[in-house]
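Residues per chain are reported as follows:
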Amino acid sequence: MGAAGQGLSTDEVQSIREALAAGRKPKVVFTASAGQIAGQVGQVVELTDPAVSDEFVVVRFGRDELPFSPADVAVAPRGAGRKVAEPEPEPQVETAAPTEPEFVLDRPRVPAPREESKVETADAKPAPAPARKAVKAVKPKGPAGLTVTLAYADGEWTVAAQQGSKSLAKPYVVKPAEALRMVALVDVPGVHEAVEQIMAAERAEAEQQAEKLRAELAEIEARLAELREAH
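Keep in mind that what you see is a predicted model, and the values were worked out from it rather than measured.

Procedures and definitions
- Residues numbered from 1 in each chain as written.
- Predicted model: local features only at pLDDT ≥ 70, side-chain atom pairs only at ≥ 80, totals over all residues.
- Heavy atoms only, no water.
- Salt bridge = Lys/Arg side-chain N within 4 Å of Asp/Glu carboxyl O.
- Buried < 20%, exposed > 50% of the residue type's maximum accessible area, 1.4 Å probe, protein only.
- Helix = DSSP H or I, 4+ residues; strand = E, 2+ residues; numbered from the N terminus.
- Axes fitted to C-alpha atoms, helices over the stretch in contact; angles between N-to-C directions.
- Parallel < 35°, antiparallel > 145°, perpendicular 65-115°, else oblique.
- Left-handed = near helix turned anticlockwise from the far one by under 90°.
- Contact = heavy atoms within 4.5 Å.
- Nonpolar A, V, L, I, M, F, W, Y, C, P; charged D, E, K, R; others polar.
- Patch = residues over 30% accessible without salt bridge, like charges linked within 9 Å, V, L, I, M, F, W, Y side chains within 5 Å.
- Areas by Shrake-Rupley, 256 points an atom, 1.4 Å probe, with all protein chains shown as cover.
- Pairing = 2+ DSSP bridges.

Participant: What is the right way to look at the pattern of salt bridges in this model?
Facilitator: Pairing between side chains becomes possible if they bear opposite charge and their charged atoms approach one another. Tallying each qualifying case throughout the model produces 3 salt bridges. The shortest N-O distance in the salt bridge between Glu 65 and Arg 60 comes to 3.0 Å. Exposure remark for Glu 65: the relative accessible area of 44% places this residue in the partly exposed category. Among the ionic pairs, Arg 214 bridges to Glu 211, the shortest N-O distance being 3.2 Å. Of this pair, Arg 214 and Glu 211 are both found in helix α4 (residues 189-230), 3 residues apart, which corresponds to roughly one turn of the helix. Residue classification places Arg 214 among the exposed positions, given a relative accessible area of 53%.

And the structure:
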């Protein structure tokens, strides 16, 4: 190998040419004759025709690929251009102290007045203080709420009943007239309009089916009449 100040010899140029043919890009170091970039490391990417120009060694340096003469570069020693990757210091993230939830145990508890104490002190002599409100009597728990549902789906009206979480009646089919009477009890214009639209659509579909069946029946009767005449 040539020293950094001697440039490339003929044998080294031939070795570089063979390395390029094998798909490698040999590293070279710039000599003093290269000027300000002396000592920097580059990669040989191509050897052009020496007969055309003395600067036939094309070196990639940074993002540029520039031609140099063999005197401007020398074979780089092993390990040249490699930088030891220094571990980057982990960014110190200043973590703010987490806000601790406020616990009731951190403060002295103020004992809440108990209902029993109100009853016990009811007979005591009244102190010069604002009059206390009378304790409301606890009402007995009433029966669970009752829900009756009238629903329309897939051309059928159904009614279901449920009390609380208990099902009293599973959805069962009712006639449209019965559903209409139930809806009439609800004095809400929007509900009436929705039911009327559903009824109108059902009525139109039923009329279409009836007309179709009448036509089919007429054809069957005509066919039957023909068969009777043939007999």
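Don't stop here, the text continues.
Participant: Explain the packing of helix α3 (residues 176-184) against α4 to me, please; I cannot follow it from the model alone.
Facilitator: Two quantities define a packed helix pair, namely the angle between the helix axes and the distance between the axes. Between α3 and α4, the shortest axis-to-axis distance is 10 Å and the interhelical angle comes to 165°. In this view, α3 runs roughly antiparallel relative to α4, as classed from their interaxial angle. As for how α3 packs across α4, the hand of that crossing is left-handed. Note on element contacts: α4 touches α3 through Val 191, His 192, Val 195 and Met 199, opposite Pro 176, Leu 180, Val 183 and Ala 184. Along the lines of polarity and charge, the residues of the contact of α3 with α4 split into 7 nonpolar, 1 polar and no charged.

Participant: Can you help me understand a nonpolar patch on the surface in this one?
Facilitator: On the surface, Leu 185, Val 186, Val 188 and Val 191 cluster together into a nonpolar patch covering about 330 Å² of accessible area. Among the structural elements, Val 186 can be located in the loop between α3 and α4.

Participant: How should the pairing of strand β7 (residues 156-163) be read in this particular structure?
Facilitator: On any regular strand, side chains alternate: one points to one face of the sheet, the next to the other face. Judged from the 8 bridges that link them, strand β6 (residues 146-153) and β7 form a sheet pairing that is antiparallel. Bridging across to β7, Tyr 152 finds its partner in Trp 157. Turn length for the β6-β7 hairpin, with the two strands adjacent in sequence and antiparallel, is 2 residues, and the turn residue Asp 154 shows positive phi of about 55°. When β7 meets strand β8 (residues 166-174), the two strands line up antiparallel, connected through 6 bridges. Following the sheet pairing, Gln 163 is matched in β8 by Lys 166. Counting the residues in the hairpin turn of β7 and β8 gives 2 residues, including Gly 164, whose phi is positive at 65°.

Participant: Could you clarify how one ought to interpret the pairing of strand β3 (residues 57-61) in this entry?
Facilitator: Relative to β3, strand β2 (residues 41-47) runs antiparallel, the two being bridged by 4 bridges. The residue bridging Val 44 from the neighbouring strand is Val 59, located in β3. Pairing analysis gives 5 bridges linking β3 to strand β4 (residues 64-68), with the strands arranged antiparallel. Within β4, the residue paired with Phe 61 across the bridge is Asp 64. Between β3 and β4, which follow one another and run antiparallel, lie 2 residues, and Gly 62 among them has a positive phi close to 70°.

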